[in-house]
Amino acid sequence: MASRKNTLLPLIVFLLFKLLIVEATTINSTDADLNKGCIEEERKALLEFKHGLKDHSDRLSSWVGAHCCKWRGVDCNNQTGNVVKVDLRNNGDFSRLGGNSSSRFLGSFERLRYLNLSNAIFGGVIPPHLGNLSRLNYLDLNGDVYYYVPLMRVSNLNWLSGLSSLKYHDLGRVNLSEATTTWMQTVNLLPSLLELHLAQCELSDFPPYFNPFVNLTSLLVIDLPYNYFNTTLPGWLFNNISTVTDLYLGGANIKGPIPQVGVGNLCHLVNLDLSHNDIESQGIELVNGLSTCSNNSLELLNLGHNQFGGGLPDSLGNFKNLKSLDFGNDNFVGSFPNSIQRLTNLESLDLSENSISGPIPTWIGNLLRMKRIDLSFNLMNGTIPESIGQLTELTQLYLDSNPWEGVISEIHFSNLTNLESFSLHLSPKNQSLHFQVRPGWIPPFNLKYIDVSNCHVYPKFPTWLRTQKRLKKITLRNVGISDTIPKGFWKMDIWWLDLSKNQLHGKLPLSFNVACIPSSISKLKDLYVINLSNNHLSGKIPKNWNGLDELQVLDLFKNKLSGGIPSWMCSVSSLSSLKLSDNNLSGELSSSLRNCTGLYFLDLGNNRFSGEMPKWIGERMTSLGQLRLRGNMLMGDIPEKLCWLSYLHILDLALNNLSGFIPQCFR
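So, how was this worked out
- Residues numbered from 1 in each chain as written.
- Predicted model: local features only at pLDDT ≥ 70, side-chain atom pairs only at ≥ 80, totals over all residues.
- Heavy atoms only, no water.
- Helix = DSSP H or I, 4+ residues; strand = E, 2+ residues; numbered from the N terminus.
- Contact = heavy atoms within 4.5 Å.
- Areas by Shrake-Rupley, 256 points an atom, 1.4 Å probe, with all protein chains shown as cover.
- Core = buried A, V, L, I, M, F, W, Y, C linked by side-chain atoms within 4.5 Å.
- Buried < 20%, exposed > 50% of the residue type's maximum accessible area, 1.4 Å probe, protein only.
- Pairing = 2+ DSSP bridges.
- Expected span 1.5 Å × (residues − 1).
- Arc of directions from axis to C-beta.
- Phe/Tyr/Trp six-rings, centres within 6.5 Å; stacked < 30°, edge-to-face > 60°.
- Lys NZ or Arg CZ within 6 Å of the ring centre and 35° of its normal.
- Disulfide = S-S within 2.5 Å.

Caption draft 1: Structural detail: the overall build of the protein chain. Looking only at helices and strands, the protein chain has seven helices and 43 strands in total. Partitioning the contacts of the protein chain with sequence separation of at least 6, the portion at a separation of at least 24 is 63%. When the accessible surface of the protein chain is summed, it comes to about 30300 Å², and 51% of that surface belongs to carbon and sulfur atoms.

Structure below.
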């Protein structure tokens, strides 16, 4: 008997191996096989499809010659030469294809198994002869992610019934509003379907009763977020499909109550996302029901933005495999739930925007796989535990807007070697938290983002920032720094800088053109926000801040700056907000401002500018929405051409020496 088993086992393995080879060769072919060329009719259909495309980056430059099986994105059967795979998806490199989706090419390949045109810029009606592809296993026509409004649409989904072999179905970001009352019935005609993706499809009907519901008993993934269902979840979704592993209904306008989950149902769930809905307290009943599964496999639970209320459920501790938990903005109250300490596989915890009170428990340091913690905008208080410094995998830590007190020391960061983002933006009404680190401290991490506001950092500028070679965004707002900005600081390659409401003094750097490789390119060429307001900076605004081509916001409000407005400011076409108020700037309004045609916000108030108000403000600065010139020494008439500023909704010219009539449009 044993020898018979030993004989059968290699035979079974051999047969399985042969089956895998046969399955693989039906879709993918070797280079040698592709040399056989392809069927002429299918080659012509591909060329017809190409002819109707917009291919600005020449992605399909290889689509020439007789051997279409060698063309980019095309695979053929190595025995028959039929096209079995067309993969022209966009992978985020901005070389997106475009055109009209109504090309008859889509239904021309009877042996096609795989069709992926996702993230392209196709428009028009999806042709119904797509239903001719009876052997199709994989269909992905997911629309372009950069467009908020779907470009493709369907007149109906009746053609789906012809795709009897379909296993993967994605029409995300396709307008299905004309099929909203029948979409579920047509999907039910796909007995082999494993994954259904209809995200952001403008669906508004979710059938509450659907019986029998036997054809989708193999369904694993239901992905229907950001639709307009405006209804409760149907009972069949929770009790008729026990195979589902992934259920995504975030932002789908779902309301409570949630149907009661039968014993043993949905116990195969791995990912559950019902965020951004209106489920209310019934969501807790769902959590309690799922927690009874003996083989609980849930890894992602996102019920954020539902306004549940009440306390966090103790049953959370039963989800032993949970990796991501998001209960943000759910109106929870009470203390930090102790049941979470049992979630030893947890990697992401979001309890932000609730009313959770009390301290962070010290056992937080035992969740050693944690990568992201967001406890912002709660009522938590007390000291931040030093044990948080034991989370070696932590990359993001957000503790904003809680009334913390006590001290944050080097111990809190001792083992945070992977930390990239740290935010501790507190209320200016509560400044009881102090940073205490040595002047020569070298952190174990290398941050990309730091926001520390309304805390006591140190009178001197934190020198440890110089060790952070990857910093892109720096906010140290109202942290008690009374110092000059170190010269080396301006060599950092950052795109956001906010050092406002400190006691910084000294002069602004003469130039941002710091020598680097290549020497002609400024290190700060990507900087788009500079906020140095509410400090004691003096001197003139430098004339040669060149290279800031991405600058959008410049705020030097309430310093001691003098002189005029340098011409470089309006050579930056991206500049949309300029705030130079409450300084000692003087002279006539520079004609160089004529080139600030993209400005939306301009505040030069409380300076010493003189002369007449330029008429060209109304002619050139047509994007202005807010104009503040109060508290200067301007004279003359208010130009009638200010009436040309169609976006203007705030105009403040008070405390000047203006005369004459107020333009009719402002009366």
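Caption draft 2: Region of the structure containing the nonpolar core. Judged by nonpolar contacts, the single largest core of 181 residues is most densely connected at Trp183, Phe327 and Leu424. The element best represented in this core is helix 6 (residues 282–290), accounting for four residues.

Caption draft 3: Seen up close, the sheet that holds strand 23 (residues 379–380). Strand order across the open sheet formed by three strands is 19-21-23, with parallel pairing between neighbours. Each end of this open sheet is capped by a strand with a single partner; those strands are strand 19 (333–335) and strand 23.

Caption draft 4: Geometry of the environment of isoleucine 360. Inspection of the secondary structure assignment puts isoleucine 360 in the loop between strand 21 (355–358) and strand 22 (372–374). Taking the C-alpha atoms as reference points, isoleucine 360 and leucine 375, 15 residues apart in sequence, are found 9.3 Å from one another. The residues touching isoleucine 360, leaving out its near neighbours within four places in the chain, are Leu375, Met380, Pro385, Leu399 and Trp404.

Caption draft 5: Summary view of the sheet that holds strand 33 (residues 536–540). Reading across the sheet, the seven strands line up as 31-33-35-37-39-41-43 and stay open at both edges, with parallel pairing between neighbours. Only two strands of the sheet have a single partner each, and these edge strands are strand 31 (505–507) and strand 43 (657–658). Pairing between strand 41 (residues 633–636) and strand 43: two bridges, direction parallel. The partner of methionine 635 across the bridge, within strand 43, is asparagine 657.

Caption draft 6: Looking closely at helix 3 (residues 40–51). The end-to-end C-alpha distance of helix 3 is 16 Å, a good match for the 16 Å that twelve residues give at a rise of 1.5 Å each. Within helix 3, burial applies to Glu42, Arg43, Ala45, Leu46 and Phe49. For helix 3, the angular spread of buried residues about the axis comes to 160°, placing them on one side. Projecting away from the buried face of helix 3 at angles above 90 degrees are the exposed residues Glu41, Lys44 and His51. Residues of helix 3 that are buried make contact with strand 1 (53–54), strand 2 (74–76), strand 3 (83–87) and strand 6 (121–125).

Caption draft 7: Representation of the packing of aromatic side chains in the model. With the rule as written, the count across this model stands at 19 aromatic pairs. Measuring from ring centre to ring centre gives 6.4 Å for phenylalanine 422 and phenylalanine 435, while their planes differ by 75°; the resulting arrangement is edge-to-face. Here phenylalanine 435 lies in strand 27 (residues 432–436) and phenylalanine 422 lies in strand 26 (residues 421–425), a separation of 13 residues in the sequence. The class of phenylalanine 435 is buried, set by a relative accessible area of 12%. Ring geometry for tryptophan 441 and tryptophan 464: centres 5.6 Å apart, planes at 65°, overall edge-to-face. Placement of the pair is tryptophan 441 in the loop between strand 27 and strand 28 (449–453) and tryptophan 464 in the loop between strand 28 and strand 29 (473–477), with a sequence separation of 23 residues. The burial state of tryptophan 441 is the same as that of tryptophan 464; both residues are buried. The structure contains a cluster of three or more aromatic residues connected by ring pairs, namely Phe413, Phe422, Phe435, Trp441, Phe445 and Trp464. One cation-aromatic arrangement involves lysine 85 over tyrosine 114; the distance from NZ or CZ to the ring centre is 4.8 Å. Across the ring face of tryptophan 496, the terminal group of lysine 473 is positioned such that the distance to the ring centre comes to 4.1 Å.

Caption draft 8: Spotlight on the state of the cysteines. Per the stated rule, a full pass over the model turns up five disulfides. Between the sulfur atoms of cysteine 38 and its disulfide partner cysteine 68 the distance amounts to 1.7 Å. With cysteine 38 in the loop between helix 2 (31–34) and helix 3 and cysteine 68 in the loop between strand 1 and strand 2, this pair connects stretches of sequence that are 30 residues apart. Of the two residues, cysteine 38 and cysteine 68, neither departs from the other in class, the shared state being buried. Here cysteine 570 engages in a disulfide with cysteine 596; their sulfurs sit 1.6 Å apart. On the S-S bond that ties cysteine 570 to cysteine 596, the torsion sits near -85°, and the link is left-handed. With cysteine 570 in the loop between strand 35 (560–563) and strand 36 (577–579) and cysteine 596 in the loop between strand 37 (584–588) and strand 38 (601–603), the pair connects residues that are 26 residues apart, well separated along the chain. The pair formed by cysteine 570 and cysteine 596 is uniform in burial state, with each residue classed as buried.

Caption draft 9: Region of the structure containing the side chain of threonine 395. Within the element layout of this structure, threonine 395 appears in the loop between strand 23 and strand 24 (396–398). Look at threonine 395 and you get buried, because its relative accessible area is 19%. Setting aside its immediate chain neighbours within four residues, threonine 395 contacts Lys371, Asn418, Leu419, Glu420 and Ser421.

Caption draft 10: Highlighting the pairing of strand 35. Going residue by residue along strand 35, you find Leu561 and Gly563 tucked away on one face and Lys560 and Ser562 left uncovered on the opposite face. The sheet contact formed by strand 33 and strand 35 spans three bridges and is parallel. Paired with glycine 539 across the bridge in strand 35 is leucine 561. Here strand 35 pairs with strand 37 via two bridges, running parallel. Along strand 37, the bridge assignment pairs serine 562 with asparagine 584.

Caption draft 11: Looking closely at helix 6. Buried within helix 6 we find Gln282, Gly283, Ile284, Leu286, Val287 and Leu290. Elements that come into contact with the buried residues of helix 6 comprise helix 5 (235–239), strand 16 (271–273) and strand 17 (300–302).

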